[in-house]
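Architecture and fold: a report
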Protein chains: 2
Amino acid sequence: MSETRAIPGYTYGQHPLASPILPEELTLLKQTVLFGPEDEQLLRLASEVLADQTEAILDVWYGFVGSHPHLLRYFSQQGQPDIQYLAAVRKRFGQWIIDTCTRPYDSVWLAYQQEIALRHHSIKKNQTDVARAEPIIHLRYILAFIVPLTVTMKDFLAAKGHDAQTVAWMHAAWFKAVTLTALLWSHPYVNANEF
Amino acid sequence: MSETRAIPGYTYGQHPLASPILPEELTLLKQTVLFGPEDEQLLRLASEVLADQTEAILDVWYGFVGSHPHLLRYFSQQGQPDIQYLAAVRKRFGQWIIDTCTRPYDSVWLAYQQEIALRHHSIKKNQTDVARAEPIIHLRYILAFIVPLTVTMKDFLAAKGHDAQTVAWMHAAWFKAVTLTALLWSHPYVNANEF
Ligand code: HEM
Ligand code: HEM
């Protein structure tokens, strides 16, 4: 915990204000993305596999964002990428990989999903890092990111010598977790009663 | 074409009213879900693999919906599933599998994505089949369906003896196509200027 406390702006567990999503609703969503107890176990295993690879993973993801102007602009002000903003978010992004694999998906987790959702939305974007970049990340790209964040993970999951079947299972668990996360983050963008 | 004309309510190509998504925007979205020309080729191949399996695929998907009350309710009126509605939608769903693999992703395709989006949303739900079921499908489940619609496809793609690598590539292309589709369908649910 001392390590995670050191990440500026990382406030997991500090948002008692409940998520708009009820625990019963989360249960139904987990069923719908086929997320079961075996996926929790597979993500625990994945966290061990990924623990010393998070910087390499972030290199790939940041490389993807950096090479696409339509994505980099969300980190930019008047066409100039904000290097400090990129660096500050990167630390929390690395922690998110491990959190997604190890945190129980309970009401504390739900509450932080809502907080991160708001940080992508105009309601809270830029606030945490006192940045002045684009005021909102459009939902279409958040949902589109399900693909690169899933596809690029395969090689990292395979990098520690697990058999192909175990890697495929870990990869499927990760896919379910990312999709569940992205859909929860859509909440602030959606018309009342339509989420 | 004579076969597809015979599907009640299937109106591909009959919605000249432009999609709210511009072609340039679609290009950027395809880049973001890593969808390239090789994926188009893989989906053409997938369409040959899947052509005589669509009923079996629909059995799996309808079985999933039918065994989950929180999903079946969208086909139901006062707690009773509407069998005719289920059957009518099923025909178009089968056609959609083939369309997703074979149609060029152009402005005609975009326009029908918007039409299907509206048919899940309260704007047009139930109209096509003169049904009286739930008035809207909540967005969270449309996005959650990315997982079952992707995961369950693997075995069907593998059923015609293609090597494991080709199956994996076809599966990845399908995953990208489903994610792109689902995110386009979120449009009617999203606050103005936040899509
Ligand atoms: C599934 C999709 C996505 C995931 C999982 C994801 C993950 C994350 C994480 C973990 C954080 C830090 C959260 C925290 O403060 O603790 C973050 C923040 C951020 N992300 Fe994303 N992200 C996604 C989509 C995107 C997209 C498409 C963009 C556009 C390039 C983007 C740009 C940003 C920016 C600018 C921030 C900082 C927001 C702020 O001002 O606080 N993200 N993201
Ligand atoms: C990625 C997610 C989904 C895909 C790809 C999908 C696919 C389709 C397709 C192809 C159609 C027929 C479109 C046409 O009229 O030509 C349809 C209609 C329909 N779907 Fe979905 N669907 C998805 C999510 C859902 C969910 C979560 C539900 C809830 C159980 C659902 C329930 C329905 C219903 C009730 C209709 C009929 C709508 C009407 O009244 O016209 N769908 N869907």
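Identification of chain A as Protoglobin domain-containing protein from Larkinella insperata is taken from an unreviewed UniProt entry.

What to know about helix H2 (residues 23–32) of chain B
Residues and elements named next belong to chain B. Within the sequence span of H2, burial applies to Glu25, Leu26, Leu29, Lys30 and Thr32. All buried residues of H2 fall inside an arc of 155° around its axis, so they share one side. Where H2 ends, the next residue or the one after it, Leu34, has phi of about 60°, a positive value.

A few points about the relation of the copies chain B and chain A
Note on the identical chains: chain B maps onto chain A by a rotation of 180° and an axial translation of 0.0 Å, with an RMSD of 0.0 Å. The transformation just described matches what one would write down for a two-fold rotation axis. The position closest to the rotation axis in chain B is occupied by the C-alpha of B:Val190, lying 2.2 Å away.

Some words on the coordination of the iron atom of ligand 1
Among all protein atoms, only A:His120 (NE2) binds the iron atom of ligand 1, sitting 2.2 Å from it. Examined against the element boundaries, A:His120 turns out to sit in helix H7 (residues 107–120).

Details of the packing of H7(A) against helix H11 (residues 164–185) of chain A
Residue and element names in this part refer to chain A. The N-to-C vectors of H7 and H11 enclose an angle of 60°; their axes lie 8 Å apart at closest approach. Comparing the axis directions of H7 and H11 gives the class oblique. As H7 runs across H11, the sense of the crossing is right-handed. Where H7 abuts H11, its residues Trp109, Leu110, Gln113, Ile116, Ala117 and His120 lie against Leu180, Thr181, Leu184 and Trp185. Looking at side-chain class alone, the contact of H7 with H11 contains seven nonpolar, three polar and no charged residues.

Focus: the site of ligand 2
Residues and elements named next belong to chain B. For ligand 2, the set of nearby residues contains 21 residues, the closest of which are Tyr85, Arg92, Tyr112, Arg119 and His120. Between ligand 2 and Tyr85, the relevant distance is 2.5 Å, taken from an oxygen atom to a side-chain nitrogen or oxygen of the residue. Within the side chain of His120, one N or O atom sits 2.9 Å away from a nitrogen atom of ligand 2. Those elements that provide at least two residues to the shell around ligand 2 are helix H6 (83–102), helix H7 (107–120), helix H8 (139–144) and helix H11 (164–185). Here the shell around ligand 2 gets five residues from one element, more than from any other, and that element is H6. Split into classes, the residues belonging to the shell around ligand 2 amount to 16 nonpolar, two polar and three charged.

What counts, and where the lines are drawn
- Residues numbered from 1 in each chain as written.
- Chains lettered and ligands numbered in written order.
- Predicted model: local features only at pLDDT ≥ 70, side-chain atom pairs only at ≥ 80, totals over all residues.
- Heavy atoms only, no water.
- Buried < 20%, exposed > 50% of the residue type's maximum accessible area, 1.4 Å probe, protein only.
- Helix = DSSP H or I, 4+ residues; strand = E, 2+ residues; numbered from the N terminus.
- Arc of directions from axis to C-beta.
- Least-squares fit on C-alpha atoms with pLDDT ≥ 70 in both.
- Donors = N, O, S within 2.8 Å, 3.2 Å for Na, K, Ca; no water.
- Axes fitted to C-alpha atoms, helices over the stretch in contact; angles between N-to-C directions.
- Parallel < 35°, antiparallel > 145°, perpendicular 65-115°, else oblique.
- Left-handed = near helix turned anticlockwise from the far one by under 90°.
- Contact = heavy atoms within 4.5 Å.
- Nonpolar A, V, L, I, M, F, W, Y, C, P; charged D, E, K, R; others polar.
- Near = heavy atom within 4 Å.
- Polar contact = N/O pair within 3.5 Å; in protein donor to acceptor, adjacent residues only side chain to side chain.

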